[in-house]
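Okay, here's what each chain looks like letter by letter:
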Amino acid sequence: GLKELEYGQIVNCTFTNTYANKNGGALYIDVNEKEYVSNGTYIINSTFYNSYGDFGGAIVQLGNNITIFNCSFVNNTAEYSGGAIYTSWANAKLIGNYFESNKILNNESFDGGAIYCDRKELTLAYSVFINNTKNAVYAYTIKAYIMNNEFKNNGEAIHSVFSINALENNTYNG
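What you see is a predicted model; the values in this text were computed from it and never measured.

Thresholds applied
Residues numbered from 1 in each chain as written. Predicted model: local features only at pLDDT ≥ 70, side-chain atom pairs only at ≥ 80, totals over all residues. Heavy atoms only, no water. Phe/Tyr/Trp six-rings, centres within 6.5 Å; stacked < 30°, edge-to-face > 60°. Helix = DSSP H or I, 4+ residues; strand = E, 2+ residues; numbered from the N terminus. Buried < 20%, exposed > 50% of the residue type's maximum accessible area, 1.4 Å probe, protein only. Pairing = 2+ DSSP bridges. Axes fitted to C-alpha atoms, helices over the stretch in contact; angles between N-to-C directions. Polar contact = N/O pair within 3.5 Å; in protein donor to acceptor, adjacent residues only side chain to side chain. Contact = heavy atoms within 4.5 Å.

Draft legend 1. Representation of the packing of aromatic side chains within the structure. Under the counting rule described, the total for this entry stands at 14 aromatic pairs. Between the aromatic rings of tyrosine 116 and tyrosine 138, the centroid separation amounts to 5.2 Å while the plane-to-plane angle is 20°, which identifies the pairing as stacked. In this pair, tyrosine 116 is assigned in strand β16 (residues 115-118) and tyrosine 138 in strand β19 (residues 137-140), connecting sequence segments 22 residues apart. The exposure class assigned to tyrosine 116 is buried, which follows from its relative accessible area of 12%. With 4.8 Å between their ring centres and 10° between their planes, phenylalanine 129 and phenylalanine 151 make a pair best called stacked.

Draft legend 2. Local environment of the sheet that holds strand β17 (residues 121-125). The strand order β2-β5-β9-β13-β17-β20-β23 describes an open sheet built from seven strands, whose pairing is parallel. Lying at the two open borders of the sheet, with one neighbouring strand each, are β2 (7-11) and β23 (164-168). Shown here is a sheet whose adjacent strand axes are inclined to one another by a mean of 5°, direction ignored.

Draft legend 3. Quick look at the side chain of serine 46. Tracing the backbone shows serine 46 in the loop between β5 (40-44) and β6 (47-49). Within polar-contact distance, the side chain of serine 46 engages the backbone oxygen of isoleucine 44 at 3.1 Å. Excluding residues that lie within four positions of it along the chain, serine 46 makes contacts with Ile10, Val11, Asn12, Cys13, Asn70, Cys71 and Ser72.

Below is the structure:
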């Protein structure tokens, strides 16, 4: 886990069969925005396969900014929310990513088979979502810009509660 991170960059990495007793199966990033104002976390050209955590099967980011570009998330699992990614109070930009067969185990009370975001802003573009459980993307009290994505055979493509959404040029199948 990374605590009070000012800036982080993860490029061309592979995380396979990672496990966390709590949150963020591969990466747990907690930023205290009152003390740290930064560019945030950048994850580029990386793969997350078969990771597990209570929240955020592969990644948890609490606070600040996170940019995830051209990454693959396959077969990651969260006990509760965010099968692949869980963000809270973070501005999240997810561009050109691939999400397949990510899941949440306790899906009656929790959400976000691939992505769970709350409290700030989500930009999601040019990504593919295939066979993720319950709802591929869950947005709670955020501004969400979701455009040019492809959703196939997810329990539900997007579920949004108390959010301001802009949906544009997405395709939905199954």
